[in-house]
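Per-entry structural report
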Amino acid sequence: MNNAWVLNRRPIGYPKESDFKWIESPLPELDEGEILIEAHYLSLDPYMRGRMNDSKSYAPSIKLGGVITGEVVGKVIKSKSKLFNEGDYATAHIGWQKYGKIDAISARKIDSELAPISTSLGILGMPGLTAYFGFLDVCSPKPGETVVVSASSGAVGAIVGQIAKLMGCKVIGIAGSDIKTDYCLDELGFDFVINYKSDNILSKISEYAPYGVDIYFDNVGGEISDNVISNLSVGARIAVCGQISLYNLEENENGPRIGSSLLINQASMTGFLVFQFKSRYHEGLTKLSQWLIEGKIKYKEDIVSGIENAPSTFIGMMKGKNFGKLLIKIV
Ligand SMILES: NC(=O)c1ccc[n+]([C@@H]2O[C@H](COP(=O)([O-])OP(=O)(O)OC[C@H]3O[C@@H](n4cnc5c(N)ncnc54)[C@H](OP(=O)(O)O)[C@@H]3O)[C@@H](O)[C@H]2O)c1
């Protein structure tokens, strides 16, 4: 038998456990070209919150009663495709469930010898690629530039900050606890880190970036970003990667009021989605794997056991409880 988490109700504000429902169903039969995956790790990511709303976005909403969207890594236990043998490891978007069938073309084969398979959902997966392309392509960094990254201890932010250091930039992180800020400073080698819950962001940014911020990699939006954007240098670039501080608002806020700063500094602000770099994923994964093997970048995983804990763990992420790439261990 299979088990899955489905959408019971569309959340209003922060999701509640009652917005999710645990169901049981028989294992699916395979059609030609499909594979059946036994999920070993499920990735929990902020974008899932948007899919629970019934509003226009870059991807369709989850239907009521539908399995919650998500990517897993696991073992192929049945194959009706020449692309996969039973026993191969793969990542696939089967959602929050123990087993799922999928067209083999849309699964990615994983080399389980290269690194622990869990990394294919983090540093060597979507978050790593987001950091790689979002920072290098969207921000075009130059050595000596000052970079600010928000949610800087998280799956994407921690990699952005480390790539920025590899590119010879000065890095200022922003995170929500002293344990997270210490980690960015001591383990990841950032130059400065601001605790946005206890520090005055505006004065810390002007202290740490006296000539202004050349690059802002924005993972959070809202007030944190307003404060960073009012300290830009001339020709600054802003990559809008995520806006997690806004995902659980019950009503949209006005603002932010950043137009003047963009104008005065002739700065550019670019929203991006990792999928737009799909044709270059191989390049990104090759480079990230190389840096990982050479010990030039580190990763941190926050692994919670048991798929039954997926809703509470996901809700925790929306309140900053995760510390590193958040994964559910299923097998
Ligand atoms: N554009 C793309 O293609 C793309 C791809 C992947 C991810 N993203 C976006 O990138 C961002 C980071 O994703 P991730 O996977 O790396 O997640 P993550 O940083 O590992 O986890 C989310 C973190 O966001 C912070 N946070 C939560 N609520 C917040 C709030 N109200 N204000 C400020 N910070 C808050 C928390 O850290 P603190 O304790 O430090 O607050 C939390 O740990 C998200 O916005 C996500 O949507 C975009």
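Everything below is about the structure shown above.
One structure accompanies this document, and this report is about it.

1. Details of the sheet that holds strand E10 (residues 192-195)
- Pairing is parallel across the open sheet formed by six strands, whose spatial order is E10-E9-E8-E11-E12-E13. Each of the sheet's edge strands pairs with one partner strand only, and the pair in question is E10 and strand E13 (268-271). In this sheet, neighbouring strand axes are inclined to one another by 15° on average, regardless of whether the strands run parallel or antiparallel.
- Relative to strand E11 (residues 213-218), strand E8 (residues 146-150) runs parallel, the two being bridged by three bridges.

2. Some remarks on the packing of aromatic side chains
- Applying the stated criterion to the full structure yields 10 aromatic pairs.
- Their ring planes at 5° and their centres at 4.9 Å tell us that Phe-133 and Phe-277 sit as a pair that is stacked. A residue pair is termed long-range when its members are at least 10 positions apart, and Phe-133 in helix H2 (residues 126-139) and Phe-277 in the loop between E13 and helix H8 (281-293) qualify at 144 residues.
- Judged by its relative accessible area of 9%, Phe-277 is buried.
- Their ring planes at 10° and their centres at 4.2 Å tell us that Phe-192 and Tyr-208 sit as a pair that is stacked.

3. Here's the deal with the packing of H2 against helix H3 (residues 157-166)
- Across the interface, H2 lies against H3 with an axial gap of 8 Å and an inter-helix angle of 45°. With respect to each other, H2 and H3 are oriented oblique. Both H2 and H3 take part in a crossing whose hand is right-handed. Residues Gly-128, Ala-131, Tyr-132, Phe-135 and Leu-136 of H2 lie in contact with H3, whose contacting residues are Ile-159, Val-160, Ile-163 and Ala-164.
- Split into classes, the residues belonging to the contact of H2 with H3 amount to eight nonpolar, one polar and no charged.

Reading guide: rules and limits
Residues numbered from 1 in each chain as written. Predicted model: local features only at pLDDT ≥ 70, side-chain atom pairs only at ≥ 80, totals over all residues. Heavy atoms only, no water. Pairing = 2+ DSSP bridges. Helix = DSSP H or I, 4+ residues; strand = E, 2+ residues; numbered from the N terminus. Axes fitted to C-alpha atoms, helices over the stretch in contact; angles between N-to-C directions. Phe/Tyr/Trp six-rings, centres within 6.5 Å; stacked < 30°, edge-to-face > 60°. Buried < 20%, exposed > 50% of the residue type's maximum accessible area, 1.4 Å probe, protein only. Parallel < 35°, antiparallel > 145°, perpendicular 65-115°, else oblique. Left-handed = near helix turned anticlockwise from the far one by under 90°. Contact = heavy atoms within 4.5 Å. Nonpolar A, V, L, I, M, F, W, Y, C, P; charged D, E, K, R; others polar.

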